[in-house]
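Architecture and fold: a report
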2 protein chains.
Amino acid sequence: MKIGIVGLGLIGGSLGLDLRQQGHKVLGVSRNPQTCELAVEMGAVDEASLNLASLSQADLIFLATPMEAIVTTLAKLTPHLTPETIVTDVASVKSEIVSNCVPLWWNFVGGHPMAGNSNQGIQAAQLHLFQQAPYVITPLETTPTQAIKTLETIAKTLGAQVHYCSPEAHDRAVAWISHLPVMVSASLIAACETESEIHVQKLAQQLASSGFRDTSRVGGGNVELGVMMARYNREHLLASLKQYSDTLTQLTAYIEESDWSAIATFLQDTQQVRPKFLRE
Amino acid sequence: MKIGIVGLGLIGGSLGLDLRQQGHKVLGVSRNPQTCELAVEMGAVDEASLNLASLSQADLIFLATPMEAIVTTLAKLTPHLTPETIVTDVASVKSEIVSNCVPLWWNFVGGHPMAGNSNQGIQAAQLHLFQQAPYVITPLETTPTQAIKTLETIAKTLGAQVHYCSPEAHDRAVAWISHLPVMVSASLIAACETESEIHVQKLAQQLASSGFRDTSRVGGGNVELGVMMARYNREHLLASLKQYSDTLTQLTAYIEESDWSAIATFLQDTQQVRPKFLRE
C-alpha cells in the first residue's frame with residue numbers, strides 16, 4: 001500500500017518506521033523542512049514533503065499532527081484526494097475529532113494508538129512502539145466497512161491490540177485512566193507547594209521518595225498534552241473530576257470521623273480493584 | 001555495642017543485618033518463635049528471644065514493631081533497662097510516638113529511617129536497605145545529647161542521610177509527600193470504580209497503562225500502613241487533604257471556565273516544581 005503520514009513526530013515517525021519495514025511505501029508530510037530531511041534519513045518515510053498534494057496517490061493516510069491541527073489539516077487535504085483514500089487520525093480524544101472529520105471526508109475512521117514514551121519529536125521515533133499497545137478504533141454507524149477493516153489490519157500488523165468502541169465510550173474511558181490521573185497528580189504537586197513554613201516545604205522535598213515520584217509523574221509531564229486533554233475531553237474530564245472529588249470527600253470524612261475500619265475497607269477495596277487496571 | 005531490636009520485620013531485620021556486619025552484637029525480640037528462629041538463621045540477629053528482659057544489657061534499643069505497639073512495648077520494656085540504655089523507634093509518624101514515649105523513658109529519641117520495599121516481614125530483610133535513604137531524627141529540647149549523637153552515628157554507618165527536625169515538622173512534611181499521595185491515589189482507583197456503564201469501565205481497565213499504574217500505585221498498596229498514616233497523622237493529613245481539595249477545585253474551575261492559558265500555567269508550574277522533590 002501507499003501510506004501517507006501527516007505530522008512526523010513520535011507517533012507519525014514510529015508508524016513510518018514499522019510500515020516501511022513491512023514493505024509499504026510511506027509518504028510523509030511535515031511543516032518543517034528539517035523534520036522532512038531527518039525522517040528520510042532515519043528511514044521513517046520513503047519520501048517527505050511540505051505539501052499535502054504529495055499524498056494524492058495514497059491509499060491510507062494517518063493524521064498524526066498535534067490534536068488541534070487535525071481537523072484543519074483534513075480540510076486542506078481533501079481537495080487532493082481520490083474518493084477511495086482512507087483517512088484516519090491518532091488523536092487521544094475522539095468525539096470532537098470524529099464528529100468534525102466525518103463531514104469533511106466520507107472515508108474517515110477515527111483511531112487512537114495508545115503508545116508513547118516521555119520524549120517527543122521524530123528523534124524519539126522507534127520501531128515496534130505499538131507492539132502490545134491498545135489501538136482503539138472508533139467508527140460511526142456510517143463509517144465504510146472497508147475503511148475499518150483496512151485500519152484494523154494495519155493496526156494488527158503493528159502488533160497492537162485492537163479495541164472497538166464509540167468515540168464517546170473511548171473519551172469516557174480515557175478520562176478515567178489517562179486524563180483524570182494527570183489532573184489528580186498535578187494537583188498533588190501544586191498542593192505541596194502551598195506549605196507556608198519554608199523549612200517544612202524544604203524538608204518535604206528532601207524526604208520525598210518513590211511514592212511521591214510515582215504519584216506525581218504524570219502531573220509533572222507534558223504541558224501541551226495536559227491542556228489538550230482538558231480542552232478536547234472537557235465534558236468527560238469534568239464528570240470524572242466531580243466523581244473523584246466526591247470520593248475524596250468521602251475518604252476525608254472517614255479520617256475526620258476517625259472511622260478506621262471504614263478507611264481499612266476503602267483501602268482493601270482499592271488494593272483489590274487496582275490489578276484489574278494492570279495489563280500484563 | 002550491644003544493640004537490641006524489638007520487632008523483627010523488614011525494618012528490624014534489615015537493621016540487624018547491617019549492624020551485625022559492622023561488628024555490633026545484636027539481640028532480637030519477637031512475639032513469634034518462628035520469626036526468632038528465622039532471624040538467627042538469616043544472620044539478622046546474634047540471639048533472639050520472646051522476652052523483653054533479654055535486652056537488659058543493651059546499650060541501644062530500636063523499637064521496630066508496628067506503630068500501634070510501640071508505646072505499650074516501651075512501657076513493658078523499661079523495668080528491664082539500666083538508665084544508660086538509649087531507646088529509639090522507627091515509626092513513620094513521630095509526634096504521637098515521641099510525646100508518649102518521652103515520659104516513659106528519659107533516654108528516648110525518636111527516629112524514622114525512610115526505607116522499605118513493597119514486601120513485609122523478616123523474609124524481606126536485606127543488607128544496605130538504608131543506604132542513601134533519609135533517616136530523620138526528631139529530638140525534643142529535653143532529649144539527652146548523648147542519645148542523639150549515638151543514633152546519628154549509627155544512622156550514618158548505615159549509609160543513611162541524617163535529617164534533624166521536630167516531630168511536628170516531620171509529620172507535616174510526610175503528610176505532604178507520603179500520606180497525602182496514598183489518599184489521592186486510592187481515591188483515583190475508587191473513583192474509577194464508580195463508572196456506571198459496565199462496557200466503559202471494562203474498556204477503561206483494558207486501556208489503562210503506565211500513567212494509571214504509577215498514579216494508582218501507592219493507593220493500591222499496604223492497607224494497614226494506610227490506616228496507620230490516617231490514625232497517627234490525622235491532623236496533618238487532614239490539613240493537607242483540605243489544601244489538596246482546594247487546589248483540585250481551582251484546577252477544575254479553570255477547566256469549567258475553559259481557561260486554557262490558566263491550565264497551561266498551572267501545569268507549567270507543576271512541571272517545574274516536581275524535580276525539587278526528586279532526589280538523585
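Residues numbered from 1 in each chain as written. Chains lettered and ligands numbered in written order. Predicted model: local features only at pLDDT ≥ 70, side-chain atom pairs only at ≥ 80, totals over all residues. Heavy atoms only, no water.

Structural notes on the pattern of salt bridges
Residue and element names in this part refer to chain B. One pass over the structure, following the stated rule, counts 14 salt bridges over all chains. Lys 25 serves as the salt-bridge partner of Glu 47, at 3.1 Å between the closest nitrogen and oxygen. With Glu 47 in strand E3 (residues 47-49) and Lys 25 in strand E2 (residues 25-29), the pair connects residues that are 22 residues apart, well separated along the chain. We classify Glu 47 as partly exposed; its relative accessible area is 43%. The class of Lys 25 is partly exposed, set by a relative accessible area of 34%. Residue Lys 156 is joined to Glu 152 by a salt bridge in which the shortest nitrogen-to-oxygen separation is 2.8 Å. Placement of the pair is Lys 156 and Glu 152 together in helix H5 (residues 145-157), with a separation of four residues, close to one helical turn. (Salt bridge = Lys/Arg side-chain N within 4 Å of Asp/Glu carboxyl O. Helix = DSSP H or I, 4+ residues; strand = E, 2+ residues; numbered from the N terminus. Buried < 20%, exposed > 50% of the residue type's maximum accessible area, 1.4 Å probe, protein only.)

With respect to the state of the cysteines
Scanning the entire structure with this criterion turns up zero disulfides over all chains. Between A:Cys101, a free cysteine, and A:Cys165, which holds the nearest cysteine sulfur, the sulfur-to-sulfur gap is 16 Å. (Disulfide = S-S within 2.5 Å.)

Observations regarding the sheet that holds strand E4 (residues 60-63) of chain A
Residues and elements named next belong to chain A. What the eight strands build is an open sheet, ordered E3-E2-E1-E4-E5-E6-E7-E8; its pairing is mixed. A single partner strand is all that each edge strand has here, and the edge strands are strand E3 (47-49) and strand E8 (161-164). With direction set aside, neighbouring strand axes in the sheet form an average angle of 25°. Two elements, E4 and strand E5 (residues 86-89), share four bridges in a ladder whose sense is parallel. Bridge pairing in E5 links Leu 60 to Ile 86. (Pairing = 2+ DSSP bridges. Axes fitted to C-alpha atoms, helices over the stretch in contact; angles between N-to-C directions.)

Thoughts on the side chain of B:Thr78
With respect to the element layout, B:Thr78 can be found in the loop between helix H3 (70-77) and strand E5 (86-89). With residues up to four places along the chain from it excluded, the contact list for B:Thr78 reads B:Leu104 and B:Trp105. (Contact = heavy atoms within 4.5 Å.)

Some remarks on the environment of B:Glu68
All names here are of chain B. If you trace the backbone, Glu 68 turns up in the loop between strand E4 (60-63) and H3. On the basis of relative accessible area, Glu 68 is assigned to the partly exposed category, the value being 44%. Once the C-alpha coordinates of Glu 68 and Ile 97 are considered, the two residues, 29 residues apart in sequence, prove to be 9.0 Å apart. With near-sequence residues (within four places) excluded, Glu 68 lies in contact with Met 228 and Tyr 232.

Comments concerning unusual backbone geometry
The phi angle of most residues is negative, glycine excepted, and most peptide bonds adopt the trans form. Residue A:Ser258 is not a glycine yet carries a positive backbone phi of 50°. Inspection of the secondary structure puts A:Ser258 in the loop between helix H10 (234-256) and helix H11 (260-273). Owing to a relative accessible area of 31%, A:Ser258 belongs among the partly exposed residues under this scheme. Not every positive phi belongs to a glycine, and B:Gln132 is a case in point at roughly 70°. One can find B:Gln132 in the loop between strand E6 (108-113) and strand E7 (134-138).

As for the interface of chain B and chain A
Listed per partner, the contact involves 84 residues of chain B and 84 residues of chain A. Of the roughly 8300 Å² buried where chain B meets chain A, counting both sides, 69% is carbon and sulfur surface. When residues of chain B are sorted by the area they lose upon contact with chain A, B:Leu207, B:Arg274 and B:Phe277 head the list and together hold 9% of the total. Taken together, the links from chain B to chain A amount to four salt bridges. Note that B:Arg217 is salt-bridged to A:Asp214, the shortest N-O span being 2.6 Å. Run the count over chain B and chain A and you get 25 residue pairs in polar contact (both at pLDDT 80 or more). The set of elements that each furnish at least two residues to the side of chain B that touches chain A consists of E7, helix H6 (167-192), helix H7 (198-207), helix H8 (210-216), helix H9 (223-232), helix H10 (234-256) and helix H11 (260-273) of chain B. The biggest single contributor to the side of chain B that touches chain A is H6(B), with 19 residues. Among the residues forming the side of chain B that touches chain A, the class breakdown is 44 nonpolar, 26 polar and 14 charged. (Buried area = accessible area lost by both parts, 1.4 Å probe. Polar contact = N/O pair within 3.5 Å; in protein donor to acceptor, adjacent residues only side chain to side chain. Nonpolar A, V, L, I, M, F, W, Y, C, P; charged D, E, K, R; others polar.)

Observations regarding the packing of H10(B) against H11(B)
Residues and elements named next belong to chain B. Closest axis-to-axis distance for the H10/H11 pair is 8 Å, and the angle between their directions is 145°. Of the two possible hands of crossing, H10 and H11 adopt the one that is left-handed. Here Thr 247, Leu 251, Tyr 254 and Ile 255 of H10 come into contact with H11, specifically with Trp 260, Ala 262, Ile 263 and Phe 266. The class makeup of the residues in the contact of H10 with H11 is seven nonpolar, one polar and no charged. (Left-handed = near helix turned anticlockwise from the far one by under 90°.)

Some thoughts on the nonpolar core
Side chains that are nonpolar tend, in soluble globular proteins, to be buried together. Counting 134 residues, the largest nonpolar core has A:Ile177, A:Tyr244, B:Ile177 and B:Tyr244 as the members making the most contacts within it. With 34 residues, the next largest nonpolar core counts B:Leu19, B:Ala64, B:Ala125 and B:Ala155 among its residues. (Core = buried A, V, L, I, M, F, W, Y, C linked by side-chain atoms within 4.5 Å.)

Re H10(B)
With 23 residues, H10(B) should cover 33 Å at 1.5 Å per step; its first-to-last C-alpha distance of 32 Å lies within 8% of that length. Immediately beyond the C-terminal end of H10(B), within one or two residues, lies B:Ser258, with a positive phi of roughly 55°. (Expected span 1.5 Å × (residues − 1).)

As for the sheet that holds E7(B)
Residue and element names in this part refer to chain B. If you trace the eight strands from one edge of the open sheet to the other, you get E3-E2-E1-E4-E5-E6-E7-E8, paired in mixed fashion. Edge strands, defined here as strands with exactly one partner in the open sheet, are E3 and strand E8 (161-164). Sheet twist, expressed as the average angle between the axes of neighbouring strands with direction ignored, equals 25°. Of the pairings in the sheet, the one linking E7 to E8 comprises four bridges and is parallel in character. What sits directly across from Val 136, in E8, is His 163.

Focus on the side chain of B:Ser14
Residue and element names in this part refer to chain B. Within the element layout of this structure, Ser 14 appears in helix H1 (residues 10-21). Polar side-chain contacts of Ser 14 include one of 3.0 Å to the backbone nitrogen of Gln 126. In contact with Ser 14, other than residues within four places in its own chain, are Gly 9, Ala 125, Gln 126, Leu 129 and Phe 130.

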